[in-house]
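# Descriptive structure summary
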Amino acid sequence: MLGITKFDSPIESTNYTVARHLAKDNRVFYIDNPYTWKDCISNRKTSGFRKRKDYFSFKPVDMLDTDTPNLKIVITPPLMSINWIPEGKMYRSMLNINEAIILHRIKQVMSKYDITDFIYINSFNFYYPGIAKKLSPELAIYHCVDPLAFNYEKKHGLISEQKIVSESDLIICTSKQLYEEKKQINKNTFFIPNAADIAHSSKALQQDVEVHKTLERIKGPIVGYFGNIERRIDYDLIKALVEANKDKSFVFAGPIIEEHVPGWMFETPNVHLTGAVPYSEMPSVLKGFDVSIIPFKKDEFSATIFPLKLFEYLGAGNPVVATDFNPDLQEYTAGAVTYCTDASTFSEAINAALMQQDDETRKHRLAVAGQNTWEIRVEELSKLINRYLRKEHRMETA
């Protein structure tokens, strides 16, 4: 499984989470998104680099063990930094060299474990489209979890992703809009939405879990957001909300992508930016939220998002208010989430949510969260994979 996310990312990712859950019943090798030489230089003083540096050799090396017995992390040797090269023959030639380095490491793993029959999953790593064809797996799967939104992704990714989609045996999309897009290219496309690690977020309900230290001195009620503070957030909406609700504190807990965050966020008295919080500490943060929010922009990119935090919030028993950025979400939340069209309705929903702290309403949120767990989603994924494996074998023997 070639992932786009680093295995030690501080934020939970669909890619690595799916790998962990698949490993409960399968042997899984998660190929960490490769470092480039540029990454090695810029990250040379980080713990991430120190974890990986001993595995950068071209010679056969061991793999990193994880707390999941059947899951191992594969580190490739560093690749060339080539994204700056214009799309064309030179870029594709250099890409072939980088893919050859990844393939070299994969074949070392296959040799070490005497692997002949295997499934290859490209988990949204659209940068390397040629791996599957060169490996000839039993089944080649592309797991599409997001649209290509940034210019550096689109520069080569639009061409590369189309190649992956057209050549894969099976496409799994995490939103209906992505499903509709990819199905135009490959008819073997299916929609399996994201979910959440409810067992983790529900720790917020335990009496012995204390409110996170970053929230201890913040005046309540607290309206909170947990996740990256970045492009998807509707900052105009937030500004209107904080001005209309000066009696409330708005907490944004997560890594700050400063190029997208307006200056007033750092200067407004009832806005609090905690910075990055380890995923392991998420329950204590959610425990401190009186209302949890997802204030995403309503645009073509947000319409494809099925956010993990939605079900994490519900799994903590929290009231949830969100913009109506993706209408498909309503089908999966059964009235447990209030979706809003503008700042006025959002503000009203926050005030209403503060009044809905009764046990019956909380039980409904937990029940909805319980229908959207990773265990359920990965079981759906596994059944689909098995169905297509049988289909492929039938075609071979026909």
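A few points on the structure. (Residues numbered from 1 in each chain as written. Predicted model: local features only at pLDDT ≥ 70, side-chain atom pairs only at ≥ 80, totals over all residues. Heavy atoms only, no water.)

### Re the overall build of the chain
Convention followed: Labels follow the DSSP assignment, with helices taken as runs of H or I lasting at least four residues and strands as runs of E lasting at least two, numbered in each case from the N terminus. Values of the radius of gyration come from C-alpha atoms, whereas the globule rule sets the reference at 2.2 Å times the count of residues to the power 0.38. Throughout this description, buried means an accessible area under 20% of the type-specific maximum (1.4 Å probe, protein chains only), exposed means over 50%, and partly exposed covers the range between. We call two residues in contact whenever any of their non-hydrogen atoms come within 4.5 Å of each other. Each accessible area value is a Shrake-Rupley result obtained with a 1.4 Å probe; residue values ignore everything except the protein chains displayed when judging cover. For the purpose of counting charges, residues Lys and Arg are taken to be positive, whereas Asp and Glu are taken to be negative. His and the chain ends are not included. Lysine's charge is taken at NZ, arginine's at CZ, aspartate's at CG and glutamate's at CD.
For the chain, the count of helices and strands is 15 helices and 14 strands. Taking 2.2 N^0.38 as the reference for a compact globule, 398 residues should give roughly 21 Å; the C-alpha atoms of the chain span a radius of gyration of 22 Å, in line with that estimate. The C-alpha extent of the chain, read off along each of the three principal axes, is 65 × 50 × 40 Å. The buried share among the 398 residues of the chain stands at 55%. Put simply, of all contacts in the chain between residues at least 6 apart along the chain, 69% involve residues at least 24 apart. Here the chain has roughly 18,600 Å² of accessible surface; of this, 51% comes from carbon and sulfur atoms. In the chain, which carries 49 positive and 51 negative side-chain charges, the distance between the mean positions of the two groups comes to 5 Å.

### Observations concerning the side chain of Asn-318
Inspection of the secondary structure assignment puts Asn-318 in the loop between helix 11 (308–315) and strand 13 (320–323). Residue class for Asn-318 comes out buried when judged on its relative accessible area of 6%. Excluding its chain neighbours within four sequence positions, the residues that come into contact with Asn-318 are Leu-286, Phe-289, Ser-292, Tyr-313 and Arg-365.

### A look at the packing of helix 9 (residues 235–244) against helix 13 (residues 343–354)
This is how the line gets drawn: Orientation is described by lines fitted to C-alpha atoms, with helices fitted over the stretch in contact, and by angles between N-to-C directions that extend from 0 to 180 degrees. What sets the label is the angle itself: under 35 degrees gives roughly parallel, over 145 gives roughly antiparallel, 65 to 115 gives roughly perpendicular, and the rest give oblique. With the far helix as reference, a near helix turned anticlockwise by less than a right angle produces a left-handed crossing, and one turned clockwise produces a right-handed crossing. Note on residue categories: nonpolar means Ala, Val, Leu, Ile, Met, Phe, Trp, Tyr, Cys or Pro, charged means Asp, Glu, Lys or Arg, and polar means any other residue, Gly included.
The N-to-C vectors of helix 9 and helix 13 enclose an angle of 50°; their axes lie 9 Å apart at closest approach. Taken together, the axes of helix 9 and helix 13 are oblique relative to one another. Crossing hand, helix 9 versus helix 13: right-handed. Judged by residue contacts, Leu-237, Ala-240, Leu-241 and Ala-244 of helix 9 engage Ala-343, Phe-346, Ser-347 and Ile-350 from helix 13. Broken down by class, the residue content of the contact of helix 9 with helix 13 amounts to seven nonpolar, one polar and no charged.

### So, empty space enclosed by the protein
Keep this limit in mind: With a 1 Å grid laid over protein atoms only, a set of points is called a cavity when a 1.4 Å probe fits there but cannot get out and a pocket when it is open yet has protein on both sides within 12 Å along at least five of seven lines; lining residues have an atom within 4 Å of a point. Grid points are joined across faces, edges and corners, and a volume is the space filled by probe spheres set on the points.
By the definition in use, this model includes four cavities of 30 Å³ or more. Roughly 90 Å³ of volume is contained in the largest cavity. Those elements that provide at least two residues to the lining of the largest cavity are strand 5 (119–123), helix 5 (131–135), strand 6 (139–144) and helix 6 (151–167). Along the lines of polarity and charge, the residues of the lining of the largest cavity split into eight nonpolar, two polar and three charged. By volume, the second largest cavity is sized at about 60 Å³. Considering every element that reaches the lining of the second largest cavity, the biggest residue donor is helix 15 (residues 374–397), with four residues. The residue inventory of the lining of the second largest cavity, partitioned by class, reads seven nonpolar, three polar and one charged.

### Remarks on helix 4 (residues 89–112)
Under the convention used in this document: Helix span is expected to be 1.5 Å times the residue number reduced by one.
For helix 4, which comprises 24 residues, the first-to-last C-alpha distance of 35 Å matches the rise-based estimate of 34 Å (1.5 Å per residue) to within 8%. Restricting attention to buried positions, one finds in helix 4 the residues Tyr-91, Leu-95, Asn-98, Glu-99, Ile-101, Ile-102, Leu-103, Arg-105, Ile-106, Gln-108, Val-109 and Met-110. Following helix 4 by one or two positions, Asp-114 adopts a phi angle in the positive range, close to 55°.

### Here we look at the packing of helix 11 against helix 14 (residues 359–370)
Helix 14 packs onto helix 11 with a crossing angle of 135° between their chain directions and a minimal axis gap of 7 Å. Comparing the axis directions of helix 11 and helix 14 gives the class oblique. For the crossing formed where helix 11 meets helix 14, the hand is left-handed. Residues Phe-311, Leu-314 and Gly-315 of helix 11 touch helix 14, and the partners they reach there are Arg-365, Leu-366, Val-368 and Ala-369. Its residues placed into classes, the contact of helix 11 with helix 14 shows five nonpolar, one polar and one charged.

### Considering the sheet that holds strand 14 (residues 337–340)
As a reminder of what qualifies: Strand pairing is defined by DSSP finding a minimum of two bridges between the two strands.
The strand order 11-10-9-12-13-14 describes an open sheet built from six strands, whose pairing is parallel. If you trace the sheet from one side to the other, it starts and ends with strand 11 (271–275) and strand 14, each paired once. Across this sheet, the average inter-strand angle for adjacent strands is 25°, counted without regard to direction. Pairing of strand 9 (residues 222–226) with strand 10 (residues 249–253), which is carried by five bridges, proceeds in the parallel orientation. Of the residues in strand 10, the one forming a bridge with Ile-222 is Ser-249. Docked against the sheet, helix 9 engages strand 10, strand 11, strand 12 (291–294) and strand 13, running at close to 145° with respect to strand 10. Contacts from helix 13 reach strand 9, strand 10, strand 12, strand 13 and strand 14 within the one sheet, and its direction differs from that of strand 13 by about 170°.

### Comments concerning the layout of surface pockets
Of the pockets and cavities examined, the second largest pocket occupies roughly 820 Å³. If you trace the second largest pocket, you find 31 residues lining it, with Asn-26, Arg-27, Val-28, Phe-118 and Ile-119 closest to the centre. For the lining of the second largest pocket, the secondary-structure elements that each account for two or more residues are helix 1 (14–22), strand 2 (28–31), helix 4, strand 5 and helix 15. When residues in the lining of the second largest pocket are grouped by element, the largest group, nine residues, is from helix 15. Split by residue class, the lining of the second largest pocket holds 19 nonpolar, five polar and seven charged.

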